[in-house]
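Structural overview for review
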Amino acid sequence: MLSVAAQIIEAPPNVMERSAAAAVALDEAGLRNALKALHLESYGWALSCCRRRADEAENVLQLVYLKLLSGKAVFEGKSSFKTWLFAVIRKTAAHEHRLELLRRLRLSRIPKILDAKPRGEQSGVEARLKEALEKLPARQREVLQLVFYHDLSIVEAAKVMGVGIGSARTHYERGKKQMRRRLA
Amino acid sequence: MMNDDSELRARFANLREEDRSAAPPFGRTAAAKAASSRRASFVRIALAALAVLAIAVISVLRTHRATDTAAGELAAWSSPTAFLLETPGHQFLDQTPRLGEPLMHALPAAQDGPQ
């Protein structure tokens with residue numbers, strides 16, 4: 001028998017809409033379990049949102065967990081838990097990125113921003129994939145990551161990205177074309 | 001097309017495995033910010049209290065100063081028609097007459113006129 005957290009993670013959006021009240025009533029232990037179950041996926045998505053900078057990704061994930069566990073962000077059951085969580089991660093990462101830029105601008109370290117390279121191993125098995133992804137426009141990178149890495153549908157990816165389905169589909173097709181060309 | 005998708009999917013799957021091996025444990029991620037958040041919220045509350053206190057002190061000082069100024073202004077105010085109240089010979093009414101002293105003494109020199 002599945003736990004409440006597992007049911008919430010696994011439930012498709014239409015089921016989630018029907019059982020929205022049950023999902024919202026998730027207590028802290030249930031929420032913690034749901035987050036734990038999605039932790040690795042969340043970390044992967046945070047990495048992608050932070051241009052594969054591991055320390056920034058971890059920081060963003062910590063902020064997101066704090067937001068959720070302290071009740072600042074509440075799941076209302078309008079989409080699947082995973083889609084909602086990914087949208088929160090994406091927004092938090094964007095917010096943190098803006099703050100970081102402002103912080104650095106105030107300290108007049110603009111050249112360092114321009115020179116900033118993602119930390120971490122670039123000589124790994126998928127270095128070429130990472131390099132190709134980095135060169136993609138943000139929307140294309142996001143949609144490809146969500147579909148191929150996190151196994152979301154384009155509809156779900158559109159929800160996470162906060163764009164229309166048509167727009168997400170266009171980014172998806174263009175992104176795939178670019179990747180094919182770069183990885184050839 | 002299908003082939004491309006499956007190739008991309010395989011590459012992303014490898015990347016996912018690589019990321020998973022480097023992911024921090026859930027416990028560390030979930031617990032790390034809680035402590036700093038408590039500290040940050042304490043600092044935030046202290047700053048807010050300090051700001052409220054500063055505002056209160058400033059407003060009290062301002063009110064006090066404004067009351068003083070208003071009282072001073074009121075005391076210094078005189079009506080534009082106040083000169084009409086200065087009737088000729090008002091000096092006689094302002095002073096108590098003394099025995100042995102002529103009342104004319106109270107008059108200013110200008111009013112003494114030619115002797």
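Residues numbered from 1 in each chain as written. Chains lettered and ligands numbered in written order. Predicted model: local features only at pLDDT ≥ 70, side-chain atom pairs only at ≥ 80, totals over all residues. Heavy atoms only, no water.

In this section: the packing of aromatic side chains. A complete count under the given rule lists seven aromatic pairs over all chains for this structure. Their ring planes at 15° and their centres at 5.7 Å tell us that A:F148 and B:F12 sit as a pair that is stacked. Here the residue A:F148 occupies a position in helix α10 (residues 138-149), and B:F12 occupies one in helix α1 (residues 2-22), the pair thus bridging two chains. Three or more aromatic residues link up through ring pairs in this structure, and these residues are A:F75, A:F81 and A:W84. Positioned above the aromatic ring of A:Y149 is the side chain of B:R16, whose terminal nitrogen or guanidinium carbon lies 5.9 Å from the ring centre. (Phe/Tyr/Trp six-rings, centres within 6.5 Å; stacked < 30°, edge-to-face > 60°. Helix = DSSP H or I, 4+ residues; strand = E, 2+ residues; numbered from the N terminus. Lys NZ or Arg CZ within 6 Å of the ring centre and 35° of its normal.)

Time to look at the confidence of the model for chain B. Counting all residues, the mean pLDDT for chain B is 79, and 80% of those residues have values of 70 or more. Model confidence for the complex: the whole-complex pTM is 0.62, and ipTM, which rates the interface, is 0.73. (pLDDT = per-residue confidence, 0-100.)

One finds A:L35, A:L68, A:F81, A:I89, A:M179 and B:F12 to be the most contacted residues of the largest nonpolar core, which totals 52 residues. Those residues in contact with A:M179, other than ones at most four positions away along the chain, are A:L129, A:A132, A:L133, A:L136, A:L144 and B:L8. (Core = buried A, V, L, I, M, F, W, Y, C linked by side-chain atoms within 4.5 Å. Buried < 20%, exposed > 50% of the residue type's maximum accessible area, 1.4 Å probe, protein only. Contact = heavy atoms within 4.5 Å.)

The subject of this paragraph is the interface of chain A and chain B. Contacts between the two partners involve 37 residues from chain A, matched on the other side by 25 residues from chain B. For the chain A and chain B pair, buried surface summed over both sides reaches about 3,000 Å², with 63% attributable to carbon and sulfur atoms. On the chain A side of the contact with chain B, A:E126, A:F148 and A:Y149 bury the most area, a combined 23% of that side's loss. For the pair chain A and chain B, the interface holds seven salt bridges. The partner of A:E41 in a salt bridge is B:R20, and the shortest N-O contact between them spans 3.7 Å. Scanning the region where chain A abuts chain B turns up eight residue pairs in polar contact (both at pLDDT 80 or more). Put simply, the parts of the chain that give the side of chain A that touches chain B at least two residues each are α4 (28-37), α5 (39-49), α6 (54-69), α9 (127-135), α10 and α12 (165-183) of chain A. Of the residues forming the side of chain A that touches chain B, the biggest block, seven residues, is contributed by α6(A). (Buried area = accessible area lost by both parts, 1.4 Å probe. Salt bridge = Lys/Arg side-chain N within 4 Å of Asp/Glu carboxyl O. Polar contact = N/O pair within 3.5 Å; in protein donor to acceptor, adjacent residues only side chain to side chain.)

Summed over the entire model, instances satisfying the criterion amount to 14 salt bridges over all chains. One salt-bridge network, in which partners are shared between bridges, spans A:E41, A:K82 and B:R20.

Okay, the side chain of A:H171 next. Counting through the fold element by element, A:H171 comes out in helix α12. Among all residues touching A:H171, those that are not within four sequence positions of it are A:R139, A:Q140 and A:V143.

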